[in-house]
Structure formats: structure tokens, C-alpha cells
Amino acid sequence: MRRPQQPTTAPDPESEGALRASPTPPRLNYLRPLTAFLLLASLLAVGAVLYRAQRSLSIDSFRAAARAGSVGAASEGFENDTFPSSSGSKDKLLHGLLAAGFDEQSCLSRYHSALSWKESPHLPSPYLLEKLRNYEALHKKCGPNTELYKKSVEQLKSGHGSQSTECKYVVWVSYSGLGNRILSIASSFLYALLTNKVLLIDRGSDMDDLFCEPFPESSWLLPLDFPITKFGTFDIKTPESYGNMLKNKAISYSVDGTSPQSQPAYIYLHLSHDYGDRDKLFFCEDDQKFLRNVPWLLLRSNNYFVPSLFLIPAYEEELRQLFPEADTVFHHLGRYLFHPTNSVWGLITRYYQSYLAKADERVGIQIRVFEADTGPFQYVLDQILACSQKEKVLPDVSGQETVVSTPNVKSKAVLLTSLNNGYFEKIRNMYWEQPTATGEIISVHQPSHEGYQQTGKQMHNMKALAEMYLLSLTDVLVTSAWSTFGYVAQGLGGLQPWILYKPDNQTAPDPPCRRAMSIEPCFHAPPFYDCKAKKGIDTGALVPHVRHCEDMSWGLKLVNQA
Ligand SMILES: Nc1nc2c(ncn2[C@@H]2O[C@H](COP(=O)(O)OP(=O)(O)OP(=O)(O)O)[C@@H](O)[C@H]2O)c(=O)[nH]1
Ligand SMILES: [Mg+2]
């Protein structure tokens, strides 16, 4: 969604530190010399050390470290950028989701993030793992600089398509806010998996600064000498778009997908929010039969179009096998594809260790306000507090002046993300000025307040990615309606957030929020078309696992079948 945002001239902030006065926790490094001893020591001693270590590492990364087989080594991994290479490969590979054999140092997040997220209750299916390994082999065979790639590019230059090329490609064109980009890449990748095509991504201004390569021994970046250079300007009017080619009868095909006339060398798939009815035929079975054979598809989308792929009969069975739990598509594909580069991983780990690791619980609050004015707005603050207190995400403040200190009080660290720092200031002050009704100690942190969206600026996008990841590392999440930024965090973290309803008329909605039905993102611009009957239909009422979204009545999202 695009909304105008005004720049602010607010100076750069630094987040507030934790408010609670806790004793300096023992650094886990001190435990390392003890590790050998601990192997021989009694279970009781191990238990005691585990308890102490818990004070200095996040509970979850600690648990993951313990699973990986070495507490000392795991702490080293998180703190010193070295990683245990010994046991625990099952966990660091996310139950086989990630391929082994990458150089760990060149992309620390690839295997480290697996150890920092909470253990996911969702396992990837054996069929998904097989499909990913096959895809990796295909990508290696057809990827940039291979003979087959060069051959396909030659054919593209010749201007004629042919059904015989061994490698066929989906080129993802960079466009839109970072959340949208991540979701449309994941959708394009699933489409490539389903059609045995190879995904290449246009690096835009910074995709290679943000993400590591996801596929072994190859690159997913579209080579800079790719012969089509004008795709950055493609839009709904582009004559090479699928919709316009159909309209102008530049292409035609029979029911089996074969074309009587010579095929174009490439087709542009305009799958943005503003796409037309003919562009939407992409989601019809017959059109898919034809598009499968086109050697080069250039795809531009700002949407998570996965739910509508589930409504194409030809892909139904395969998708069921790939994702027996339908609501885990982005969770698995997101964790498979998006590994922040070492610079971004540094932003994530330094912040996490400084402000979040020591708390007993971490709460993420993601605030995205879709107003022309920058705010902060009182009604948004009211809504955040109403939701988090009603749903017991955060405690009420009792208003009593006396501070009762008990030794075992629980601490919660709130990670707040927003372009504006007004909400952070108010919530932090509230918990500073008054004690909580429960006695819990609340610290509030906001990594950045960038003021307005600055797509194209390198550090801005690095911070945005770091914040999405940090949110995914929390235990409880509150997100804003309509925000792809929040969808990415919830999907990566496997968190079912509390979604703040979109305010109407500058008023806090009542109820302020609701629990998400699933961890999946919402497809904001789905087609409502029955391809067989050739008439409109409610695509949110066709199958139990594709439903309308909680935060957008016309959107579609995957849920687990009841
Ligand atoms: N660092 C940071 N950047 C943000 C935040 N919220 C929005 N942004 C910036 O604004 C962009 C918003 O685009 P998306 O990531 O797609 O998020 P969205 O909430 O779907 O917003 P729209 O695309 O504008 O509808 C982000 O990519 C960031 O560049 C935030 O909390 N922190
Ligand atoms: Mg967005």
C-alpha cells in the first residue's frame, strides 16, 4: 500500500536502555573453560550452569544452543561470530530446510538464525525438502554464467521463444517497500518451484546488500548484462504484459497450452495491486498451461500472491504435499530464502544482546500508521495500550507510588518498531513513571525512528530488515493491520500476532485487535474470478484453507484446515 509520508527533521535517536536495575549477568564466555568439566560433572551441576547461562543468553537461543550440543560453542556463535561446527547440524539446518555446505563465515545468519528463533512446531514436509534439493540442482545447472543460461539469453536476444529450451526462468523485478519485496519474492519462488522454472532476482539498489545467496554454488542475482534493461519501468500499460498481449491478440494458445503461433521470447507478468482483469488470468489453469512453456517470465508484484496459487487446480495436489499445513508456506520459504548479510546480522545480534536477551519475555509491537500526517496520534496509542492490556500482552499500571521490590519479579522487554518515536516515548514513560499492577518490570526499546519510508537508501533498508528480524525473535507479537512489514516478522518467527485493526476516522477501533488466524501473510489484491464459469466468484469461500484476512476483508490468506 502506498501512502504519502512527510519527512521529519527529528534528530537521530538512540534507544533507551533497560529500565530495570539487574545485577550484571555472568557472561557465558566465562563458562567456556568449564565446558569440558561440565561434560564429566553430575546432571545437577549441568542444571545449575544452565540456569546461570540463561541469565546471559536469550532463553531461546540458549535452548537452541543446548540442542546443538554445546552451550559454550553456541554462545561463541552468537557473540563472537564463530559457530559450533560440531554436532547439532539438524537444528542449524532447520530440520533439513537449509542446504548444508555453505561457507558459514560469509553469511553468519544462515545457520545462526536457526538457533536464535524459538523451535518451530512446524516441520517442513519431506516432499518440500526433496523439492528444494531438486530446485537447487536445477538452479546450479541453469543459473547465471552456465552454458544453459547463456543459451537461453541468446534465444531471448533473438526475440523468439521456443518450447524446447531446457531452462526456463522467472525474473523477479525489484519494486516497492521491503516487506512487499520479501513477500513477492517468496511468492515468485513458490511459483518457480511449481513450474520447474529458475528464479533470478533483479538486485535493484540494495537486494545484494541485504540478503545472502540462498542457493548453493550459484547466484540468484540477475546478471548485470541481462539484455532487457527497461523492466524497471514496466507497468500495467507495457505492451509485453500478459494482459496486453492477450488483449492485442499477440498471443494465443489452445487448451493443452500449446501455441499455434511462434511464442514471444518473454512475457511480462504484471501482478501488482493495480493489475487488470486480463493480467489476473495468470491465476487460471489454462493460462498456466501456456505460461509454463514461456522461456522468460518477468514478474513484477508488490503482493503475496501465494493464496491464489492454491486455487489453481493443477497445483492443488502438489501444494498439499509440499505444505500439509497450508499456513506454513511463508514460514518455511521465508526461512529458506532470506538470510540477512553479515552487516545486517550485526545490527540484529548487537541489538538483541544489548536490549532483549536478558528479559524473561520479549514482546514485539509493530506500529505502521497509514496516514498522510506523520503523527504520533493519541488514538493509535490508545489502541496499542487497549489491545496489549486487554489481551494481557503488557500489564496495566497500578498508579501506586510505592515500589515493591521482590526478588523474583518477571521482566519483559518490549521491542517497538515504528517510523515515529512518539509511541515509544509515551509507553516507556508510562512504565517509568508508574509501577505495574503485576509487579513485572517493563523495559521499552525502539531501534530506529526513520521518520518516513526511504526505499532506495541502503542503511534505511538494512535497519528495516533488522527490525523485521528482531520482531521475529520475540515471544509475543502485536502488529498493525495491512502491514507487510509485520507479516514478514510473524511469518519468520512463526508467531500468531495480535493484529491491531485499522483505525477508521481517526478513532481507536473497538475491539482494538484480534488474534490472527494463522501465521501467514495476507494477499491484498486477489482476483475474484471463476476461470471455468468465466464469471465473478468469492475466492475466499471456495476451499477451507483459503479465507479472507482478519485485517482486510477482501484479502486472502492461508489457514490450517480445521
Ligand atoms: N526501520 C523501520 N522502517 C520502517 C518501519 N515501518 C516502515 N518502515 C519503512 O517503510 C517501508 C514500508 O514498506 P513495507 O516494508 O512494505 O511495510 P508496509 O507496512 O507494508 O508499508 P507499505 O508498503 O507502505 O504499505 C519499509 O520497508 C521501511 O523502509 C519501521 O518500523 N522501522
Ligand atoms: Mg508494504
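Thresholds, definitions, all that
- Residues numbered from 1 in each chain as written.
- Chains lettered and ligands numbered in written order.
- Predicted model: local features only at pLDDT ≥ 70, side-chain atom pairs only at ≥ 80, totals over all residues.
- Heavy atoms only, no water.
- Donors = N, O, S within 2.8 Å, 3.2 Å for Na, K, Ca; no water.
- Helix = DSSP H or I, 4+ residues; strand = E, 2+ residues; numbered from the N terminus.
- Buried < 20%, exposed > 50% of the residue type's maximum accessible area, 1.4 Å probe, protein only.
- Disulfide = S-S within 2.5 Å.
- Pairing = 2+ DSSP bridges.
- Right-handed = clockwise from strand over helix to strand, strands pointing away.
- Salt bridge = Lys/Arg side-chain N within 4 Å of Asp/Glu carboxyl O.
- Axes fitted to C-alpha atoms, helices over the stretch in contact; angles between N-to-C directions.
- Contact = heavy atoms within 4.5 Å.
- Polar contact = N/O pair within 3.5 Å; in protein donor to acceptor, adjacent residues only side chain to side chain.
- Phe/Tyr/Trp six-rings, centres within 6.5 Å; stacked < 30°, edge-to-face > 60°.
- Lys NZ or Arg CZ within 6 Å of the ring centre and 35° of its normal.
- Parallel < 35°, antiparallel > 145°, perpendicular 65-115°, else oblique.
- Nonpolar A, V, L, I, M, F, W, Y, C, P; charged D, E, K, R; others polar.

Here we come to the coordination of the magnesium ion (ligand 2). Where a metal carries four tetrahedral donors, each ideal angle is 109.5 degrees; where it carries six octahedral donors, the ideal angles are 90 or 180 degrees. Bound to the magnesium ion (ligand 2) on the protein side are Asn-180 (OD1) and Thr-484 (OG1), at distances that span 1.9 to 2.3 Å. Pair noted here: Asn-180 is in helix 9 (residues 178-195) and Thr-484 is in helix 20 (residues 484-493), with a separation of 304 residues, a long-range link. Both residues of the pair, Asn-180 and Thr-484, belong to the buried class.

Evaluation of the coordinates by the stated rule reveals five disulfides. Paired by a disulfide, Cys-142 and Cys-167 hold their sulfur atoms 2.1 Å apart. Sign of the S-S torsion, about -70 degrees for the bond between Cys-142 and Cys-167, identifies this disulfide as left-handed. Residue Cys-142 is found in helix 7 (residues 126-142), and its partner Cys-167 is found in the loop between helix 8 (147-158) and strand 1 (169-172); the two are separated by 25 residues along the sequence.

A few words on the pairing of strand 1. Taking every second residue as pointing to the same face, both faces of strand 1 are buried, with Tyr-169 and Val-171 on one and Val-170 and Trp-172 on the other. Two strands pair when backbone bridges link them, and strand 1 and strand 2 (residues 198-201) are joined in this way by four bridges, in the parallel orientation. Counted as the bridge partner of Val-171 is Leu-200 from strand 2. With helix 9 bridging strand 1 and the parallel strand 2, this β-α-β connection has right-handed handedness.

Attention shifts here to unusual backbone geometry. The peptide bond linking Gly-375 to Pro-376 adopts the cis configuration, its omega dihedral lying at 10 degrees. Tracing the backbone shows Pro-376 in the loop between strand 5 (361-366) and helix 17 (378-390). Here Asp-510 and Pro-511 are connected by a cis peptide whose omega angle stands at 0 degrees. Mapping Pro-511 onto the fold places it in the loop between strand 9 (498-500) and strand 10 (513-515). One non-glycine residue, Gln-506, lies in the positive phi region at around 55 degrees. Following the sequence through the fold, Gln-506 ends up in the loop between strand 9 and strand 10.

The subject of this paragraph is the pattern of salt bridges. Per the counting criterion, the structure on display carries 19 salt bridges. A salt bridge links Lys-412 to Glu-361; the shortest N-O distance between them is 3.6 Å. Residue Lys-412 is located in strand 6 (residues 411-417), and its partner Glu-361 is located in strand 5; the two are separated by 51 residues in the primary sequence. Overlapping salt bridges, with partners in common, bring together Lys-118, Arg-362 and Asp-475 in one network.

Let's shift gears to the sheet that holds strand 4 (residues 296-300). The parallel open sheet is built from four strands, whose spatial order is 2-1-4-3. Unpaired on one side and paired on the other, strand 2 and strand 3 (266-270) mark the two borders of the sheet. Between one strand axis and the next, the sheet turns by 25 degrees as a mean value, whatever way the strands run. The strands that helix 8 touches are strand 1, strand 2, strand 3 and strand 4; relative to strand 4, the one it contacts most, it runs at about 85 degrees.

Our focus in this paragraph is helix 20. Counting buried residues in helix 20 gives ten out of ten residues, a clear majority hidden from the surface. For helix 20, the secondary structure elements touched by its buried residues are helix 9, helix 15 (329-337), strand 5, strand 6, helix 19 (458-472) and strand 8 (476-480). N-capping of helix 20 is provided by Ser-483, with a side-chain oxygen placed 3.3 Å from the backbone N of Phe-485. Downstream of helix 20 by one or two residues, Gly-494 has phi in the positive range, about 70 degrees.

In total, this model carries 28 aromatic pairs according to the counting rule given. Ring geometry for Tyr-304 versus Phe-330: centroids 6.2 Å apart, planes at 90 degrees, classification edge-to-face. Of this pair, Tyr-304 sits in the loop between strand 4 and helix 13 (306-309) while Phe-330 is found in helix 15, placing the two residues 26 residues apart along the sequence. Ring geometry for Trp-482 against Trp-554: centres 5.9 Å apart, planes inclined by 80 degrees, an arrangement best described as edge-to-face. Here the residue Trp-482 occupies a position in the loop between strand 8 and helix 20, and Trp-554 occupies one in the loop between strand 13 (546-548) and strand 14 (556-558), the gap between them amounting to 72 residues. With relative accessibility at 39%, the residue Trp-554 sits in the partly exposed group. Aromatic ring contacts, followed pair by pair, group Tyr-135, Phe-189, Phe-211, Phe-215, Trp-220, Tyr-304, Phe-330, Tyr-336 and Phe-338 into a single cluster. Just above the ring of Tyr-175 sits the side chain of Arg-300; from NZ or CZ to the centre is 3.8 Å. Positioned over the ring face of Trp-482 is Lys-502, at 4.5 Å from the centre of the ring.

At their nearest, the axes of helix 9 and helix 19 sit 10 Å apart, and the two run at 65 degrees to each other. In terms of their interaxial angle, helix 9 and helix 19 are classed as roughly perpendicular. From helix 9, Leu-178, Gly-179, Arg-181 and Ile-182 reach across to helix 19, where they touch Asn-461, Ala-464, Leu-465 and Met-468. Tallied by class, residues from the contact of helix 9 with helix 19 come to five nonpolar, two polar and one charged.

Here we have six strands laid out as an open sheet, ordered 7-6-5-8-9-10, and mixed in their pairing. This sheet does not close on itself; its edge strands, each paired only once, are strand 7 (441-445) and strand 10. Averaged over all pairs of adjacent strands, the angle between strand axes in this sheet comes to 20 degrees, irrespective of strand direction. Relative to strand 10, strand 9 is paired through three bridges, and the arrangement is antiparallel. Bridge pairing links Ile-499 to Arg-514 in strand 10. Across the face of the sheet, helix 19 comes into contact with strand 5, strand 6 and strand 8 while running at roughly 150 degrees to strand 6.

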